[in-house]
There are 2 protein chains.
Amino acid sequence: MKISTKGRYALRLMLDLAINNTGEFIPLKLVSERQDISVKYLEQIITVLVKAGYVRGLRGSKGGYKLAGKPEDYTVGMILRLTEGSLAPVACLEGDTNYCERADECITLGLWKELYEAINNVVDNTTLADLIERYNDKIGNDYCI
Amino acid sequence: MKISTKGRYALRLMLDLAINNTGEFIPLKLVSERQDISVKYLEQIITVLVKAGYVRGLRGSKGGYKLAGKPEDYTVGMILRLTEGSLAPVACLEGDTNYCERADECITLGLWKELYEAINNVVDNTTLADLIERYNDKIGNDYCI
DNA sequence: CTCAATTCCTATTTGTATACTATGATTATA
DNA sequence: TATAATCATAGTATACAAATAGGAATTGAG
């Protein structure tokens, strides 16, 4: 029942791009230093975010990445699902592929559904902007997003 | 973010013992047939439940297992935590052992706490008796618990 | 007192996913 | 043309999941 590093790092990556946004493209080298995650691992993670259109990349010198949209456009759920895969606590809740023949008589299925909903409820109702705002309130900071 | 088979099977095991309780000890062979899980794997799982005092075991012929208490005494959370370990979505929320030095400046910590609470809220407010009751309502059955 | 059924205990195996690292090609700017 | 970056793909070490396997100890029944 753990969120993997991919999901957690993806979130930190997006937050880092949001917080340090100046309009310019931000190279992963900078993110790497700030977040203490290797550039190579970040590359691997950001590929998925680029393909999904959440982040724009520019190659070459003066290249880097920036969010494609605004921080309030991205929920934690969007980012985690992309990098982690489904957040369902059991496989039988995932799409139609993993349909379980015991489903009708399953005594625990309702519980797993409830758990799934509780999880989704948290991650789908929190955006990057929310996280940054809450953090600023807590710290008394004033990051420019 | 998946519940492992150990946790899921432990829950099914406890529910099986609850539903099929007659006062007698129930051998794992029967549970195995009903739940379609090998006796050997069930043995491994139930060991933990016995050590925690949730289940009583009796060796030998006419031996088997039965719940130590009543179905309403056991929450899903108790059973999952025992078999899965902590249900925290990130390690830094687990006790003091995994304390993270970034905690004070961590922008995502609040989110993980919220998620953790949402998960706990579901599993700690559902007992075996609840699951059986809901199931009977759904199916129109009348299991003797 | 022995047999069969069962729990109890410990090891071993197999597969898969996680968490990276490594190498090199491609592209853009100065 | 040199440099700094993304982009693409492959490789690797480790740990965890999900069991299986073998046998010792215990109990009740006949």
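The structure this text deals with has already been given above.
Conventions and cut-offs
Residues numbered from 1 in each chain as written. Chains lettered and ligands numbered in written order. Predicted model: local features only at pLDDT ≥ 70, side-chain atom pairs only at ≥ 80, totals over all residues. Helix = DSSP H or I, 4+ residues; strand = E, 2+ residues; numbered from the N terminus. Buried ≥ 20, exposed ≤ 12 C-beta atoms within 10 Å, placed from the backbone. Contact = placed C-beta atoms within 7 Å. Pairing = 2+ DSSP bridges. Least-squares fit on C-alpha atoms with pLDDT ≥ 70 in both. Near = placed C-beta within 6 Å. Nonpolar A, V, L, I, M, F, W, Y, C, P; charged D, E, K, R; others polar. Axes fitted to C-alpha atoms, helices over the stretch in contact; angles between N-to-C directions. Parallel < 35°, antiparallel > 145°, perpendicular 65-115°, else oblique. Left-handed = near helix turned anticlockwise from the far one by under 90°.

## A short note on the overall build of chain A
Here is step 1: Of the regular secondary structure elements, chain A holds six helices and two strands.
Here is step 2: Helices and strands in chain A line up, N terminus first, as α-α-α-β-β-α-α-α.
Here is step 3: Referenced to the eigenvectors of the C-alpha coordinate spread, the extents of chain A come out at roughly 60 × 35 × 25 Å.
Here is step 4: Here chain A holds 145 residues, and 31% of them are scored as buried.
Here is step 5: Taking contacts inside chain A between residues at least 6 apart in sequence as the whole, the part at least 24 apart equals 62%.

## Let's talk about the pairing of strand β2 (residues 64-67) of chain B
All names here are of chain B.
Here is step 1: Burial along β2 is one-sided: Y65 and L67 are buried, while G64 and K66, pointing the other way, are not.
Here is step 2: Strand direction decides the pairing type here: strand β1 (residues 55-58) and β2, joined by four bridges, are antiparallel. In the strand pairing of β2, V55 is matched with L67.
Here is step 3: The antiparallel hairpin formed by β1 and β2 contains five residues in its connecting segment, where G60 sits at a positive phi of about 80°.

## A word on the relation of the copies chain A and chain B
Related by rotation about an axis and a shift along that axis, the two copies of the chain form a pair.
Here is step 1: When chain A is brought onto chain B, the operation consists of a screw motion whose angular component is 180° and whose axial shift is 0.0 Å, with 0.0 Å RMSD remaining. As the rotation angle and translation indicate, the two copies are arranged about a two-fold axis. Of the C-alpha atoms belonging to chain A, the one lying closest to the rotation axis is found on M1(A), 2.2 Å away.

## Here's the deal with the protein's contact with DNA strand D
Here is step 1: Taken together, 24 residues surround DNA strand D, and among them P27(A), G57(A), S4(B), S38(B) and G60(B) come closest.
Here is step 2: The set of elements that each furnish at least two residues to the surface near DNA strand D consists of α2 (28-35), α3 (39-51) and β2 (64-67) of chain A together with α1 (5-19) and α3 (39-51) of chain B.
Here is step 3: Looking at side-chain class alone, the surface near DNA strand D contains five nonpolar, 12 polar and seven charged residues.

## Some details on the protein's contact with DNA strand C
Here is step 1: Close to DNA strand C lie 24 residues; S4(A), S38(A), G60(A), P27(B) and G57(B) are nearest.
Here is step 2: Contributing elements (two or more residues each) for the surface near DNA strand C: α1 (5-19) and α3 of chain A together with α2 (28-35), α3 and β2 of chain B.
Here is step 3: Split by residue class, the surface near DNA strand C holds five nonpolar, 12 polar and seven charged.

## Structural notes on the interface of chain A and chain B
Interfaces are often sized by the amount of accessible area the parts lose when they come together.
Here is step 1: Listed as interface residues are 26 residues of chain A and, on the opposing side, 26 residues of chain B.
Here is step 2: Elements represented by at least two residues in the side of chain A that touches chain B include exactly α1, α4 (76-84), α5 (109-123) and α6 (128-139) of chain A.
Here is step 3: A total of eight residues in the side of chain A that touches chain B trace back to one element, the largest contributor, which is α5(A).
Here is step 4: Taken together, the residues of the side of chain A that touches chain B sort by class into 16 nonpolar, four polar and six charged.

## So, the packing of α5(A) against helix α5 (residues 109-124) of chain B
Here is step 1: For the pair α5(A) and α5(B), the least separation of the axes is 9 Å and the interaxial angle reads 160°. With respect to α5(B), the element α5(A) is oriented roughly antiparallel. With respect to the hand of their crossing, α5(A) and α5(B) are arranged in right-handed fashion. Packed against α5(A), whose contacting residues are E114(A), L115(A), A118(A), I119(A), N121(A) and V122(A), the element α5(B) presents E114(B), L115(B), A118(B), I119(B), N121(B) and V122(B) at the interface.
Here is step 2: A per-class count over the contact of α5(A) with α5(B) returns eight nonpolar, two polar and two charged.

Function cannot be inferred from these measures alone, as they are strictly geometric.
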